[in-house]
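Breakdown of the fold
Take a look at the letters that make up each chain.
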Amino acid sequence: MRNETVAWRGDARRIWIMLKQGNRRWAAGSYRRPGLDPERRRQVAAGQSPCAVVLSCIDSRVPPEVVFDVGLGDLLVVRTAAHTLDSLVTAAVQYGPQALCAPLVVVLGHQRCGAVTAAAEALRGRETLPGALPHLVAALEPAYSTADGQVEPMAHAHIRRTVALLRADPLLHGAATVIGAYYSLDTGLVSRVV
């Protein structure tokens, strides 16, 4: 992966193709787990140059490095519940293209997202969740409204909304290609949403 990534630096389309190929390997059970050896660890110890930023959910079943069958240092991964944005998360995403020249940002949602489900149930029942969880519900409310409260359409709507917000970001505009994708827990496959 690393040699391919260096050769493709700046080509978001080819990096996405490479990530899809890794995902197909993962889903088929023929994953390689590249770049996880001590030599690779020593290589990246001096600095990083990931090929892409992945904004993903915190769900333990969706680790982006595994899902895309990539190695240490290949992705800059930012994870929040249902890949929700706030100023700190946005800054972390901006860091990839601005400081590390990563040409691709992937917003990765997934099937049966617990955060999306909890927000949908809270909104449907007009319940207030404990702690800081109302912030999550508020962040997902626009997707809830456009998806008639249905969880899977809501997950897709939230991916599209997050992509639109990042595409409108002045620091990302022109610095990176922002796309949205959806991971199926059932098949292991990632499909592009937007």
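Scroll up a little and you will see the structure.
This text gives an overview of the structure that appears in the document. (Residues numbered from 1 in each chain as written. Predicted model: local features only at pLDDT ≥ 70, side-chain atom pairs only at ≥ 80, totals over all residues. Heavy atoms only, no water.)

Let us look at the overall build of the protein chain. For the protein chain, the helix and strand inventory stands at eight helices and five strands. Secondary structure elements in the protein chain, listed N-terminal to C-terminal, are α-α-α-β-α-β-α-β-α-α-α-β-β. Projected onto the principal axes, the alpha-carbon positions of the protein chain cover approximately 50 × 40 × 30 Å. The 194 residues of the protein chain split such that 47% are buried. For the protein chain, the share of sequence-separated contacts (at least 6 apart) that also reach a separation of at least 24 residues comes to 70%. Approximately 9400 Å² of the protein chain is accessible, and the part contributed by carbon and sulfur atoms is 54%. (Helix = DSSP H or I, 4+ residues; strand = E, 2+ residues; numbered from the N terminus. Buried < 20%, exposed > 50% of the residue type's maximum accessible area, 1.4 Å probe, protein only. Contact = heavy atoms within 4.5 Å. Areas by Shrake-Rupley, 256 points an atom, 1.4 Å probe, with all protein chains shown as cover.)

We now examine the pairing of strand S3 (residues 104-110). Counting buried positions along S3 gives seven out of seven residues, so the element sits mostly inside the fold. Judged by which residues are buried, S3 turns out to be covered on both faces: Leu104, Val106, Leu108 and His110 on one side and Val105, Val107 and Gly109 on the other are all buried. Sheet topology note: the S3/strand S4 (residues 177-183) ladder contains seven bridges and is parallel. Looking across to S4, one finds that leucine 108 is bridged to alanine 181. (Pairing = 2+ DSSP bridges.)

Take the pattern of salt bridges next. As enumerated under the stated definition, the model contains four salt bridges in all. With its nearest N and O atoms 2.7 Å apart, the salt bridge here joins aspartate 59 to arginine 61. Residue aspartate 59 is classed as buried on the basis of its relative accessible area, which comes to 12%. Taking the relative accessible area as the measure of exposure, arginine 61 reaches 42% and is therefore partly exposed. A salt bridge links arginine 112 to aspartate 186; the nearest nitrogen and oxygen atoms lie 2.7 Å apart. Here aspartate 186 lies in the loop between S4 and strand S5 (190-192) and arginine 112 lies in the loop between S3 and helix H6 (114-125), a separation of 74 residues in the sequence. Judged by relative accessible area, arginine 112 falls into the partly exposed class, the value being 40%. (Salt bridge = Lys/Arg side-chain N within 4 Å of Asp/Glu carboxyl O.)

Moving on to the packing of helix H7 (residues 133-146) against helix H8 (residues 151-167). In the contact formed by H7 and H8, the axes pass within 8 Å of each other and the chain directions differ by 120 degrees. Between H7 and H8, the angle falls in the class oblique. Considering how the two elements wind past one another, H7 and H8 form a crossing that is right-handed. For the pair H7 and H8, contact is made by Ala139, Leu140, Pro142, Ala143, Tyr144 and Thr146 and by Met154, Ala157, His158 and Arg161, respectively. Of the residues belonging to the contact of H7 with H8, the class tally is seven nonpolar, two polar and one charged. (Axes fitted to C-alpha atoms, helices over the stretch in contact; angles between N-to-C directions. Parallel < 35°, antiparallel > 145°, perpendicular 65-115°, else oblique. Left-handed = near helix turned anticlockwise from the far one by under 90°. Nonpolar A, V, L, I, M, F, W, Y, C, P; charged D, E, K, R; others polar.)

What follows covers a positive patch on the surface. On the surface, a cluster of positive charge is made up of Arg13, Arg14, Lys20, Arg24, Arg167 and Arg192. With four residues, the single largest contributor to the positive patch is helix H2 (residues 12-28). By the secondary structure assignment, arginine 14 is in helix H2. (Patch = residues over 30% accessible without salt bridge, like charges linked within 9 Å, V, L, I, M, F, W, Y side chains within 5 Å. Lys, Arg positive; Asp, Glu negative; His and termini not counted. Charge placed at Lys NZ, Arg CZ, Asp CG, Glu CD.)

We now examine the environment of valine 70. Checked against the element boundaries, valine 70 lands in the loop between helix H4 (64-67) and strand S2 (75-80). A residue is classified by how much of its surface remains accessible, and valine 70, at 4% relative accessible area, is buried. Measuring from C-alpha to C-alpha, the distance between valine 70 and arginine 112 comes to 24 Å, with 42 residues separating the pair along the chain.

Functional significance is not addressed by these values, which are geometric in nature.
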